[in-house]
Amino acid sequence: MSFTRKKFFAAAVSSAAGLLAMKGFKSKSQADDKGAKRDYKEEWVPSCCNMCGGQCGILVRVVNGKAVKIEPNPHNPNNFSNNSEDFFKNHIAEGGLICPKGNAGIASLYDPDRVKRPMKRTNTDKGKDVDPLWKEISWDEAYNEIASSLKKLRDAGESHKLIWFSEDHSFTHIQGDFCELYGTPNYSNHSNLCDTARKASFLISMGDERPLCDFINSQYILLFGWNPLSAIKWSHLARLIPRAIERGAKLVVVDPYLSGTAAKAQEWVSIRPSTDGAMALAMGHVIIKNNLHDQAFIDEWCVGFEEYKNYVKDKTPKWAEKITSVPAKTIERLAVEFASIKPAVVDVWSGPGQHSNGVYGGWAISLLAALTGQIDKPGTIVIPGNKGNKHIHLHPDSAAEKGLKQPRIDGGKGKFPYFHKSGVYTEYVNRMLDGKGPYKPKIGVIVFQNMVMSLPGSKNAIEALKKLEFLVVVDTHMSETAMMADIVIPGTSYLERYDLNTHWVNWPVLGLRQPVVKPLFGQPAEYEFVCEIGRRIGIKDHDGKDVFLSGRISKKPVEDKTKWYEEFLSGELIEGEPKISLDELKKLPGAVWISQKGTKYEKFREALKPEKLAGTVVENGIIYTTMPDGKKDKRIGFFKNGVPTRGFLTPSGKVQFFAEKHLKMKDASGKPLTPLPEYFPRDWRPDNKYPLYLINWKEASHTHTRSQNNPYLIELKSENLLMINARTAKRLGIDDGERIWVESPYGKVRARARLTEGIHPEVVGLQHGFGHWALGKIAKDRGTSDSDLRPTKSCMMSGQALHKECCVKIYT
């Protein structure tokens, strides 16, 4: 299909006027360039984007079965606001937003470099520069070879030796179901490459993995290492923060790099990488010393304050200045401002999190909110309490249960104290390389993940994948990871498939991703691929039911795999909070279910209703739900003065300045955890040989390593220049635009220098995602990959990949 940039922008202009009508399928008559009349069919289809993990709402203009334009879906809160009052009041009048990646999605759909047919490797050698000598095979041959290999492994009692990796926002439930019913504990997905350190930090302090900022109502916004106005994950961020500033809020960004967000802030605080926790502790010192803390909130809803108070007694701004390079006067002023101007919100993301001390640093930052009582109130950090579709867990048969009893190769909960269900990718690589895991995996399946480019240490990822006996990769493009596969299955674009998306806003909202065009090459959607493999293996549950054939609602065989999956989704919707079918969801405005309950604040004060207590157990005053076998499952509250109360979902039911359970815990290296958010330097620090910190970041122009073959996005950002402080560059004799070497103990790469005052003088950095040697003709040999400059290492508490822990030297 031919679809040029000129046609793309022409379609954008011509479709704008009719956007909000969102009428159904219709025929129109339109004059062509010569004045002749022609008929065409047009439809605006609501769906959800997947150009990144934000899952924002989109409207797609489809003309004669071809997608020609993408616009924001004004009915989806993810495109407007994470606050219900703001959304309900203003979204129709103002419309929605969409980022450049979302706007450019059509270019990825119609990319001529997409994988179109199943491909089989004929060259047994594997490596970065090895030609796989691909051979096109039929779908039946691909299915049979994959299914027979998996069945043989399972029949041998080795189902646990299957490892499976996937993206974390696309058809994960059916992949998880397959792994559980097949009998492997080794299902992992993307999150441990992104933000599991942040999840751990807030889990320790507040008991929730992902609190969100109520920016629109805030008067003071303090962000540590987060770039929401450029590394846009949810389109609403690009509206909420500017709106807050327009209403008088002050934005302060603490970051080594002058990011897009820092550039729009009233104040940018340049800091040494990984020292954010020290600055937060010093701010805590100032707040307590000046009696600016909220003692009433602390007395009622926090534990361990006295221990924290004693710990920060000597953590003065002068102490922190030596560590962070931030002037003591700046730290003191910011602490007073944050504690005095209310409502205020503080947050931390992957900038500080992707270092070996990231969890403790994030914990210290989160406690600034507790100190000032700025939690779950308007304009503060809010615990969402989101609900949406319900993942209906199935019961595996006895053969699968044996495999599931085997330990995970990455060590799981038994190794990492704040292990996340997404797993630990780096541990898989390291155990496959050193042979020190509980067993050696034999078969790998990787779905929509370019692990070779995404992990620290690409060379190690390649060598680990080479050790598998059989590797299947499902992807839209022949990525660097796909080049290591034995069979490559063509994947679908998000514009060709279904998904349910529980949106990241502060009240329950669920959006539908649905096919806007048919799969271009007749390929099955990924969930259909999984379903077919399950059928060919003959996977059954413990009752002997063919789970990938039997409908989730009808309980009858459903041969058509698309209809089977539609019923799968309907089951999750009906069992979840929406209580509607898939067809009913499609008919809602914008195909979005929105709870009318809206954003609720101070949910921790709510008494639990009697129906919530049914089937629960109480242990040490904490209330838990139970699993089918009667064992305790999730914390839902605690007894406060004899009243069952939601509280915070921590072991104490309160915000934790002091985590008592840490006294009995160790990290993955065997080091005892500390019960306080102590500051300690990260493991790898600059020295005389490698004197500079190397960091990376993301921007709105690209998503990870997957969008560099998109022609429209490459026009926005064609390569990732290495940012160097102008004074540092002058000292080293490096000119702007010069090609230089960047070297660490693990490798060296070429990069183009960009001199700027907008980066800390001890730091160099670049945008993550470039440096491909595969993926497509546009992406290949463009920019720099810094992956091989780092070891394949993760945080010993959370399993977070340490993308930003690196020291280098640079030279011409």
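Residues numbered from 1 in each chain as written. Predicted model: local features only at pLDDT ≥ 70, side-chain atom pairs only at ≥ 80, totals over all residues. Heavy atoms only, no water.

S.K.: How should the overall build of the protein chain be read in this particular structure?
M.R.: When helices and strands are tallied, the protein chain shows 27 helices and 32 strands. Here the protein chain has a C-alpha radius of gyration of 26 Å; the compact-globule value for 812 residues is 28 Å, and the two agree. In terms of principal-axis extent, the alpha carbons of the protein chain reach across some 70 × 70 × 60 Å. Looking at the protein chain as a whole, 63% of its 812 residues are labelled buried. In the protein chain, 71% of the contacts between residues at least 6 apart in sequence involve partners at least 24 apart. Split by element, the accessible area of the protein chain, about 31000 Å² in all, is 51% carbon and sulfur. Looking at the protein chain, you have 115 positive and 94 negative side-chain charges, and the mean spots of the two groups are 1 Å apart. (Helix = DSSP H or I, 4+ residues; strand = E, 2+ residues; numbered from the N terminus. Rg over C-alpha atoms; globule rule 2.2 N^0.38 Å. Buried < 20%, exposed > 50% of the residue type's maximum accessible area, 1.4 Å probe, protein only. Contact = heavy atoms within 4.5 Å. Areas by Shrake-Rupley, 256 points an atom, 1.4 Å probe, with all protein chains shown as cover. Lys, Arg positive; Asp, Glu negative; His and termini not counted. Charge placed at Lys NZ, Arg CZ, Asp CG, Glu CD.)

S.K.: Would you mind going over helix H5 (residues 139-155) with me for this structure?
M.R.: Since the α-helix turns once every 3.6 residues, residues separated by three or four places project in the same direction. Helix length check: H5 (17 residues) gives 24 Å between terminal C-alpha atoms against 24 Å at 1.5 Å per residue, within 8%. Among the residues of H5, Trp-139, Ala-142, Tyr-143, Ile-146, Ala-147, Leu-150, Leu-153 and Arg-154 are the ones counted as buried. Down the axis of H5, the buried side of the element spans an arc of 125°, and every buried residue falls inside it. Structural note: H5 exposes Lys-152 and Asp-155 on the side pointing more than 90 degrees away from its buried face. Following H5 by one or two positions, Gly-157 adopts a phi angle in the positive range, close to 75°. (Expected span 1.5 Å × (residues − 1). Arc of directions from axis to C-beta.)

S.K.: Just checking my understanding: could you explain the packing of H5 against helix H6 (residues 172-182) for this structure?
M.R.: Between two packed helices, the angle of one axis relative to the other and the distance separating the axes together describe the packing. At a minimum axis separation of 11 Å, H5 and H6 run at an interaxial angle of 40°. One element, H5, and the other, H6, form an angle in the oblique class. Residues Leu-150, Leu-153 and Arg-154 of H5 touch H6, and the partners they reach there are Phe-178, Leu-181 and Tyr-182. Here the contact of H5 with H6 is composed, by residue class, of five nonpolar, no polar and one charged. (Axes fitted to C-alpha atoms, helices over the stretch in contact; angles between N-to-C directions. Parallel < 35°, antiparallel > 145°, perpendicular 65-115°, else oblique. Nonpolar A, V, L, I, M, F, W, Y, C, P; charged D, E, K, R; others polar.)

S.K.: How should I be thinking about the domain arrangement of the protein chain in this particular structure?
M.R.: Accessible area lost upon the coming together of the parts is a frequently used measure of interface size. Along its sequence, the protein chain is organised into domain 1 (1-38), domain 2 (119-194 + 389-498 + 512-587), domain 3 (207-382), domain 4 (603-664) and domain 5 (692-811). Using C-alpha coordinates to define each centre, domain 2 is positioned 34 Å away from domain 4. (Domains from an automatic or database assignment.)

S.K.: Just checking my understanding: could you explain helix H14 (residues 328-340) for this structure?
M.R.: Given a rise of 1.5 Å per residue, 13 residues ought to cover 18 Å, and the 18 Å separating the end C-alpha atoms of H14 matches this to within 8%. The set of residues buried in H14 consists of Ala-328, Thr-330, Ile-331, Leu-334, Ala-335, Glu-337, Phe-338 and Ala-339.

S.K.: How should I be thinking about the sheet that holds strand S23 (residues 622-626) in this particular structure?
M.R.: Backbone hydrogen bonds hold the strands of a sheet together, and the pairing may be parallel or antiparallel. Taken together, four strands build an open sheet; the order of strands is S22-S23-S24-S25 and the sheet is antiparallel. If you trace the sheet from one side to the other, it starts and ends with strand S22 (616-619) and strand S25 (643-645), each paired once. Strand-to-strand twist in this sheet, taken as the mean axis angle between neighbours without regard to direction, amounts to 40°. Bridge analysis of strand S24 (residues 632-640) against S25 gives three bridges, and the strand direction is antiparallel. Paired with Phe-638 across the two strands is Thr-645, which belongs to S25. (Pairing = 2+ DSSP bridges.)

S.K.: What is the right way to look at the pattern of salt bridges in this model?
M.R.: If the charged atoms of two oppositely charged side chains come close together, the side chains can form a pair. In the structure shown here, the tally under the stated rule is 46 salt bridges. Across the pair Arg-408 and Asp-410 runs a salt bridge, and its minimum N-O distance is 2.9 Å. In this pair, the class of Arg-408 matches that of Asp-410, namely buried. Residues Asp-736 and Arg-754 are paired through a salt bridge, measuring 3.2 Å at the closest nitrogen-oxygen approach. Taken together, the residues span a long stretch of sequence, with Asp-736 in the loop between helix H27 (726-732) and strand S29 (739-744) and Arg-754 in strand S30 (residues 747-756) at a distance of 18 residues. Among the charged side chains, a network of salt bridges with common partners joins Asp-86, Glu-94, Arg-239, Arg-243 and Glu-246. (Salt bridge = Lys/Arg side-chain N within 4 Å of Asp/Glu carboxyl O.)

S.K.: Before we go on, may I ask you to explain the packing of aromatic side chains in this structure?
M.R.: Working definition: an aromatic ring pair is given by the centre-to-centre distance plus the angle between the planes. Enumeration according to the criterion identifies 33 aromatic pairs in this entry. When the ring of Phe-178 is compared with that of Phe-548, the centres are 6.0 Å apart and the planes differ by 45°; the resulting orientation is tilted. Here Phe-548 lies in the loop between helix H22 (526-537) and helix H23 (561-575) and Phe-178 lies in helix H6, a separation of 370 residues in the sequence. Both residues of the pair, Phe-178 and Phe-548, belong to the buried class. Ring geometry for Phe-548 versus Trp-564: centroids 5.9 Å apart, planes at 40°, classification tilted. In this pair, Phe-548 is assigned in the loop between H22 and H23 and Trp-564 in helix H23, connecting sequence segments 16 residues apart. A single burial state applies to Phe-548 and to Trp-564, both of which are buried. Each member of the aromatic cluster is reached from another via a ring pair, and the members are Trp-164, Phe-171, Phe-178, Tyr-182, Tyr-527, Phe-548, Trp-564, Tyr-565 and Phe-568. The lysine or arginine in question, Lys-632, covers the ring of Tyr-624, its NZ or CZ lying 4.6 Å from the ring centre. (Phe/Tyr/Trp six-rings, centres within 6.5 Å; stacked < 30°, edge-to-face > 60°. Lys NZ or Arg CZ within 6 Å of the ring centre and 35° of its normal.)

S.K.: When you look at a positive patch on the surface in this model, what are you seeing that I'm missing?
M.R.: A contiguous patch of positive charge, built from Lys-387, Lys-600, Lys-609 and Lys-612, is present on the exposed surface. You can see Lys-600 is positioned in the loop between strand S21 (592-594) and helix H25 (610-613). (Patch = residues over 30% accessible without salt bridge, like charges linked within 9 Å, V, L, I, M, F, W, Y side chains within 5 Å.)

S.K.: Help me out: how do you make sense of the pairing of S22 in this one?
M.R.: Regular strands have side chains that alternate between both faces of the sheet. Across four bridges, S22 lies against S23 in antiparallel orientation. Note on S23: the bridge partner recorded for Thr-616 is Thr-625. Linking S22 back to S23 in an antiparallel pair, the connection comprises two residues, with Asn-620 at a positive phi of about 55°.

S.K.: I tried to follow the sheet that holds strand S20 (residues 509-513) on my own but got confused; where do I start?
M.R.: With antiparallel pairing, three strands are arranged side by side in an open sheet as S19-S20-S21. The sheet is open, and its two edges are formed by strand S19 (499-502) and S21, each paired on a single side. Taking each pair of neighbouring strands and ignoring which way they run, the sheet shows an average axis angle of 15°. Sheet analysis places S19 next to S20, joined by four bridges and oriented antiparallel. Paired with Leu-500 across the two strands is Leu-512, which belongs to S20.

S.K.: How should the nonpolar core be read in this particular structure?
M.R.: Soluble globular proteins tend to bury their nonpolar side chains together. Counting 91 residues, the largest nonpolar core has Phe-215, Phe-224, Met-279, Met-283 and Tyr-308 as the members making the most contacts within it. With ten residues, helix H16 (residues 358-371) is the single largest residue contributor to this core. If we ignore the near neighbours within four places in the chain, the residues touching Tyr-308 are Leu-281, Gly-284, Ile-288, Leu-367, Leu-371, Phe-657, Leu-676 and Pro-677. With 52 residues, the next largest nonpolar core counts Trp-139, Tyr-498, Phe-529 and Leu-573 among its residues. (Core = buried A, V, L, I, M, F, W, Y, C linked by side-chain atoms within 4.5 Å.)

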